[in-house]
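Summary of structural features
Below are the chains, spelled out letter by letter.
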Amino acid sequence: MKILWFSIAGVCVLIASLQLKKFKPSSSEKCRLPLSTIPIDYCRMQQPNGKYGGVFVTSFEQEPKTFNPLTKIDGPSNNAQKLLFASLLEYDYEHQCLIPGLAKHFTIRDNRIYRFTLRQGLQWSDGYPFSIEDVLFTFDLLFAKTQDDRGHDEWQFPSTFVNKFIYQQKPLEYKKINDETIEFETPIVWASFLEDLSSIFILPKHKLETSVKNNTLLNQWNLQTAVDNPRDIVGMGPFCIKYFQPGERLILVPNPYYWKVDGLGQRLPYVDAYITQYVSNTTVRTILFGSGKTDAAPIGPMDLQWIKNGASRYDYTIYDRGPDIKFTFFWFNLQSGVTTKGKPFVDPYKLKWFSDVRFRQAILYGLDRQGMVEANYLGQGEVWHSFIHRLDSRWYNPNLHRYDYNPDRAKQILKEAGFTWDKEGNLMDMDQQRVCFDILWSTSGTNTLITTLKNNMADLGIDVNVINLDFKALLEIINHHYTYDSAIVSFRFGQNDPNDFLEALHSGGHFHYWWPKQIQAQTEWENEIDTLLNLQAQNLDVDVRKPYWDRIQEIMNEQVPWMPLCSANHFTGIKNKWKNLRIPPRGNIIWNIEEIWCDT
Amino acid sequence: MKYFIGRRFVSAVGLIFAITGFTFLLMHCCPGDFLTQVEADPSIASKYVLSLKNKFGLDKPWYVQYFCWVKCLCRLDFGESWIYNLPVLQLFQQRVGATIRLTLLALVLGWTSAIPCAILAAIYVHSLWDKAMRFLAYLFISLPEFFLALLGIFFAAKTGLFPIMGKTSIEHDFLTPSQQILDTVQHLLLPACILSLNIFAHIFRITRNCYLDNLHAEYVRVAQAKGVSSRALLFKHVLRNTFNPLISHFGFALAGLLSGALLVENVFNYPGLGQLVFEAFMAKDQYVVMGAVVIGGCMLILGNLLADILLCFNDPRLRTTLR
């Protein structure tokens with residue numbers, strides 16, 4: 001009995017002692033590395049000058065899976081690597097354009113030949129000089145070939161990037177002009193070349209050359225390296241790794257040799273450390289921000305109100321950044337093929353309805369998309385009228401026909417298309433077959449939206465059978481089995497150039513969901529879209545490309561092969577102590593982290 | 001005894017193959033694979049996904065993949081995690097310490113509190129103490145672990161006595177070594193307490209019932225008649241006989257050392273093995289899942305074996321049976 005009481009008392013004393021001991025973090029100064037000399041070709045930032053200090057704390061649902069730019073296939077790894085590495089060109093999210101990065105300027109000849117002049121006197125985060133050899137080394141790695149067991153050529157270091165630089169089976173060509181200049185030549189004119197180039201992080205030859213020789217490059221810079229030897233991961237980005245604990249947090253400290261300075265010539269970044277804490281889900285992330293434990297976080301529409309309540313207590317501001325580029329869309333399966341067992345992908349009588357453009361238009365008229373915004377996002381969202389959002393003024397076509405909710409118009413179109421209603425109000429086709437279809441969806445985000453859709457369809461006399469699937473199972477069906485009537489998903493396509501929709505719009509594309517991977521376009525309008533896509537890709541000038549994209553949007557709007565529904569508004573909260581914020585309409589709110597400074 | 005241990009090891013090998021084969025088959029029955037989600041990312045070229053499929057062997061039938069993996073396993077190569085591009089064992093090594101710390105503390109808290117409480121409850125049967133303890137044991141056994149964890153987080157948030165999540169605090173790396181230890185302990189206590197509640201309930205019930213059975217056994221009456229003191233009777237003879245079912249249970253507890261904290265780790269965002277395996281299972285990172293199954297299976301077999309050996313030491317009758 002005594003032992004029991006002693007144990008209980010011991011635990012109480014331990015808890016009490018822990019509470020009495022208030023942690024006082026040692027000065028954050030110790031994580032700042034000594035500043036070295038400023039490089040000759042430094043990049044002077046235009047923002048107001050700040051002062052050194054402060055620790056920026058943020059959280060994220062998923063940790064990076066690798067620190068090797070060649071092996072990343074996920075967003076979290078890319079987000080972490082953006083802070084460690086740099087490219088020839090960078091993206092200015094505020095003005096939505098490309099700006100010079102490691103290259104101080106570039107020229108374009110014949111719309112195909114790009115000549116980049118590199119900044120001189122730059123150093124890697126370990127102090128080793130940066131040179132054109134590093135750029136050549138990076139592209140050599142991308143295009144390095146080896147032979148498989150059967151003697152066929154294959155990529156020695158396969159990565160997700162290499163396919164971006166293969167144009168009609170011909171690879172990108174590049175050569176060194178002199179110690180400062182490198183020239184790239186695309187075999188055809190390719191509109192998004194610069195965009196693609198900005199996604200390539202330049203790698204340090206002096207660090208990785210050995211691993212290339214012994215063919216272990218793809219195993220380099222994994223999570224274990226970040227745990228055991230974080231200093232081994234060398235980049236040209238604003239930060240380098242100080243500490244990484246899998247599943248817990250990543251602590252970054254300023255790169256002592258970073259090549260950007262402020263107006264006073266102070267080397268950036270200003271913050272002493274950048275900490276990312278990894279949490280299990282979005283709710284925890286929101287709670288951490290709402291209780292003042294992190295400095296910035298995206299806020300979902302459902303959490304907006306209670307987060308706003310804490311704004312004065314924890315001194316933060318919520319920014320409304322307009323609709324998220326991740327939008328929800330709905331489509332009918334238009335494939336006329338059969339499975340390996342000879343069963344049609346879609347029942348022929350259903351395919352007859354789905355293939356009729358009037359049926360698709362009527363369905364879109366019958367969908368109360370504003371109601372979906374109200375129900376799903378508490379009104380904090382927006383209806384989409386094209387696959388490009390209206391805020392993207394460079395590419396959006398404002399003259400598109402709007403399919404605002406109009407069930408009467410929907411019924412009228414259906415009547416014109418030969419559909420009728422029976423006594424119970426059920427929609428019947430010309431062969432007196434009742435109109436009903438299955439819809440696949442996954443619980444990963446659309447929630448109450450599907451209820452609105454089902455009710456809207458019931459109002460038209462259509463019976464919708466909702467099939468709720470695990471996201472992977474849904475993807476398996478829409479990407480490989482094709483045996484479904486319709487589906488609804490949310491996806492985030494590219495952010496910067498409409499060329500990112502290529503795979504979705506081109507009839508041969510993998511993401512051409514209503515009928516993917518067509519060998520030859522099956523309809524005239526798909527053929528026209530293919531032609532327009534090819535034409536626009538062969539021009540670099542936005543003004544020349546715009547009319548092509550206007551027409552593509554018109555066709556998609558008229559044919560409605562997929563129906564853009566809506567997206568939630570994008571809110572981000574950040575503490576007011578952080579200055580030099582340049583809030584972009586989309587992308588990471590602290591995309592210019594190197595310029596951000598703390599005024600307390 | 002040697003023959004017994006040898007026989008158990010041989011049967012263990014077959015058992016491991018059966019468990020892993022069945023797990024592998026089940027994983028392949030679920031639609032999609034590791035690359036299904038990667039394939040759905042518009043920024044990743046389909047050609048690259050195909051090359052990854054080929055590299056990972058996902059284009060081969062499941063049984064071919066399974067036998068390739070078994071072949072590697074025979075060389076103690078557990079394969080590589082596709083998510084992390086790291087050997088499975090290295091990945092486990094990163095997290096195993098945190099999980100063992102958590103489960104071990106939970107075991108110690110659970111067992112050391114349950115046994116004395118149960119003995120007291122049995123001695124003072126039907127007393128207020130007994131009733132209160134029985135009520136608590138029923139409560140802890142009925143409430144699911146994840147719900148208890150959520151209550152724990154609510155308690156931590158309301159009182160501020162404990163941190164609500166994680167293994168260490170954000171400022172951990174800027175603290176002195178002694179502060180770091182305190183910080184770790186502070187983060188460990190609440191999840192360990194939550195885990196220990198279920199252990200407490202189980203051990204309490206087993207110990208109390210067994211102790212009560214022994215208290216009413218014939219040999220106790222004989223001992224009392226022979227004039228054995230109550231102290232010796234309660235804490236020597238009865239207690240020792242109560243240990244047998246506890247030792248059997250200890251085998252299972254040992255198996256739970258690495259895999260028993262999955263739910264609590266996920267709720268508390270505690271970066272241990274459970275969280276890793278859960279993530280791997282959701283992503284179908286199959287060799288990580290298989291590695292966890294093998295290790296879990298081995299721990300269960302070893303735990304049972306150890307329990308049997310300990311039983312032999314505690315109960316001389318069993319030694320004769322094993323022979």
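Conventions and cut-offs
- Residues numbered from 1 in each chain as written.
- Chains lettered and ligands numbered in written order.
- Predicted model: local features only at pLDDT ≥ 70, side-chain atom pairs only at ≥ 80, totals over all residues.
- Heavy atoms only, no water.
- Helix = DSSP H or I, 4+ residues; strand = E, 2+ residues; numbered from the N terminus.
- Buried < 20%, exposed > 50% of the residue type's maximum accessible area, 1.4 Å probe, protein only.
- Contact = heavy atoms within 4.5 Å.
- Areas by Shrake-Rupley, 256 points an atom, 1.4 Å probe, with all protein chains shown as cover.
- Lys, Arg positive; Asp, Glu negative; His and termini not counted.
- Charge placed at Lys NZ, Arg CZ, Asp CG, Glu CD.
- Buried area = accessible area lost by both parts, 1.4 Å probe.
- Salt bridge = Lys/Arg side-chain N within 4 Å of Asp/Glu carboxyl O.
- Core = buried A, V, L, I, M, F, W, Y, C linked by side-chain atoms within 4.5 Å.
- pLDDT = per-residue confidence, 0-100.

1. Brief notes about the overall build of chain A
A count of helical and extended segments in chain A gives 18 helices and 29 strands. With the C-alpha coordinates of chain A rotated into their principal frame, the extents come out at 80 × 80 × 50 Å. In chain A, buried positions account for 56% of the 600 residues. For chain A, the share of sequence-separated contacts (at least 6 apart) that also reach a separation of at least 24 residues comes to 68%. Of the roughly 25100 Å² that chain A leaves accessible, carbon and sulfur atoms contribute 50%. Positive and negative side-chain charges of chain A, numbering 63 and 69 respectively, have mean locations separated by a distance of 7 Å.

2. Focus: the interface of chain A and chain B
Of the residues lining the interface, 58 residues belong to chain A; the matching set on chain B comes to 57 residues. When chain A packs against chain B, the two sides together hide about 5300 Å² of surface, and 62% of this comes from carbon and sulfur. Applying the counting criterion to the chain A and chain B interface returns four salt bridges. Residues R249 of chain A and D173 of chain B are paired through a salt bridge, measuring 3.3 Å at the closest nitrogen-oxygen approach.

3. Observations concerning the nonpolar core
Counting 162 residues, the largest nonpolar core has F67, F139, F184 and F193 of chain A as the members making the most contacts within it. Per-element accounting of this core gives the leading share, 15 residues, to helix 5 (residues 88–123) of chain B. Residues contacting F193 of chain A, with those up to four places away along its chain left out, are Y114, F165, Y167, L172, F184 and T186 of chain A. Among the nonpolar cores identified, the runner-up in size contains 81 residues, and F330, I363, Y365 and L532 of chain A belong to it.

4. Some points on the confidence of the model for chain B
Residue and element names in this part refer to chain B. Mean pLDDT over chain B stands at 86; residues scoring 70 or higher make up 98%. By mean pLDDT, the top-scoring element of chain B is helix 6 (residues 128–142) (93), and the lowest-scoring one is helix 14 (residues 316–322) (68). Both scores are given for the predicted complex: the pTM is 0.83, the ipTM 0.78.

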